[in-house]
Amino acid sequence: QQSFRTTPFGRERPYNNGEDDEDDWGISDIEENEFRRACTDILGLDAEIVEESKQCPAFRHWLQGKTDGALYWQMFFLKYGGLAPMLKPKRDRPVALLNTGEIGRRRKKR
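This one's a predicted model, so the numbers in the text were calculated from it and none came from an experiment. (Residues numbered from 1 in each chain as written. Predicted model: local features only at pLDDT ≥ 70, side-chain atom pairs only at ≥ 80, totals over all residues. Heavy atoms only, no water.)

A. Structural detail: the overall build of the protein. Broken down by element type, the protein carries 4 helices and 2 strands. The secondary structure elements of the protein, listed N-terminal to C-terminal, are β-β-α-α-α-α. Considering only contacts within the protein whose residues lie at least 6 apart along the sequence, 51% involve residues at least 24 apart. Looking at the protein as shown, the accessible area adds up to about 8600 Å², and 50% of this sits on carbon and sulfur atoms. (Helix = DSSP H or I, 4+ residues; strand = E, 2+ residues; numbered from the N terminus. Contact = heavy atoms within 4.5 Å. Areas by Shrake-Rupley, 256 points an atom, 1.4 Å probe, with all protein chains shown as cover.)

Here's what the structure looks like:
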């Protein structure tokens, strides 16, 4: 009989012979590589940008819309893991790529 653990976002997977790797969210290398390739090939974006977008409330609100763009992204997420993280956490990865304060800032009219 096998023991299972619940990982973040409701994924369940067997324990690794009692070893609990806190950096492993149940994402295999194959899944991660397939997601990275799909982000580049289909969306034309780095996987890190897509992951950060998933966490953005404005993006999630836009994703609920009925536009062609939102439907395109919905179909992508339907095939590639939804809004659950698809990249393993890495300590050397930058915390934020989009939220630097420089991108998307509106300029005041003079």
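B. Up close: the packing of helix 1 (residues 29–43) against helix 2 (residues 47–55). Look at helix 1 against helix 2: their axes get within 8 Å of each other, and the N-to-C directions meet at 90°. By the angle class used here, helix 1 and helix 2 are roughly perpendicular. Residues Phe-35, Arg-36, Cys-39 and Leu-43 of helix 1 pack against Ala-47, Glu-48, Val-50, Glu-51 and Lys-54 of helix 2. (Axes fitted to C-alpha atoms, helices over the stretch in contact; angles between N-to-C directions. Parallel < 35°, antiparallel > 145°, perpendicular 65-115°, else oblique.)

C. A look at the packing of aromatic side chains. Taken as a whole and judged by the stated rule, the model has 7 aromatic pairs. Aromatic side chains Phe-59 and Phe-77 sit 6.2 Å apart centroid to centroid with 90° between the ring planes, which places their arrangement in the edge-to-face category. Here Phe-59, found in helix 3 (residues 57–63), pairs with Phe-77, found in helix 4 (residues 68–79); they are 18 residues apart in sequence, far enough to count as distant. There is no split in this pair, since Phe-59 and Phe-77 are both buried. Taken together, the ring pairs connect Phe-35, Phe-59, Trp-62, Trp-73, Phe-76, Phe-77 and Tyr-80 into an aromatic cluster. (Phe/Tyr/Trp six-rings, centres within 6.5 Å; stacked < 30°, edge-to-face > 60°. Buried < 20%, exposed > 50% of the residue type's maximum accessible area, 1.4 Å probe, protein only.)

D. Spotlight on the pattern of salt bridges. For the structure on display, the rule yields 5 salt bridges. For the salt bridge of Glu-32 with Arg-36, the shortest nitrogen-to-oxygen distance reads 3.3 Å. One end of the pair, Glu-32, and the other, Arg-36, are both in helix 1, 4 residues apart, so they sit about a helical turn from each other. Classification of Glu-32 as buried rests on a relative accessible area of 5%. We note a salt bridge from Glu-51 to Lys-54, for which the minimum N-O separation is 2.9 Å. Linking Glu-51 with Lys-54, this pair stays in helix 2, spanning 3 residues, or about one helical turn. For the residue pair Glu-51 and Lys-54, the accessibility class agrees, reading buried in each case. A single salt-bridge network, built from bridges that share partners, covers Glu-32, Arg-36 and Glu-48. (Salt bridge = Lys/Arg side-chain N within 4 Å of Asp/Glu carboxyl O.)

E. Main features of the confidence of the model for the protein. For the protein, per-residue confidence averages 76 on the pLDDT scale, and residues scoring 70 or more make up 59% of the total. At the low end of the mean pLDDT range in the protein sits strand 2 (residues 12–14), at 50; at the high end sits helix 4, at 96. Of the regions scoring below 50 in pLDDT, residues 7–13 engages in 24 contacts with residues more than four places distant in sequence or in other chains. Between residues 18–22, whose pLDDT stays under 50, and residues either more than four places distant or in other chains, the model counts 3 contacts. (pLDDT = per-residue confidence, 0-100.)

F. A look at the packing of helix 1 against helix 4. One can describe the packing of helix 1 onto helix 4 by two numbers: an axis separation of 12 Å at closest approach and a directional angle of 155°. Here helix 4 runs roughly antiparallel to helix 1, going by the angle between their axes. When you trace helix 1 past helix 4, the crossing you get is right-handed. Touching Phe-35, Ala-38, Cys-39, Ile-42 and Leu-43 of helix 1 are Tyr-72, Trp-73 and Phe-76, all from helix 4. Residues that form the contact of helix 1 with helix 4 fall into these classes: 8 nonpolar, no polar and no charged. (Left-handed = near helix turned anticlockwise from the far one by under 90°. Nonpolar A, V, L, I, M, F, W, Y, C, P; charged D, E, K, R; others polar.)

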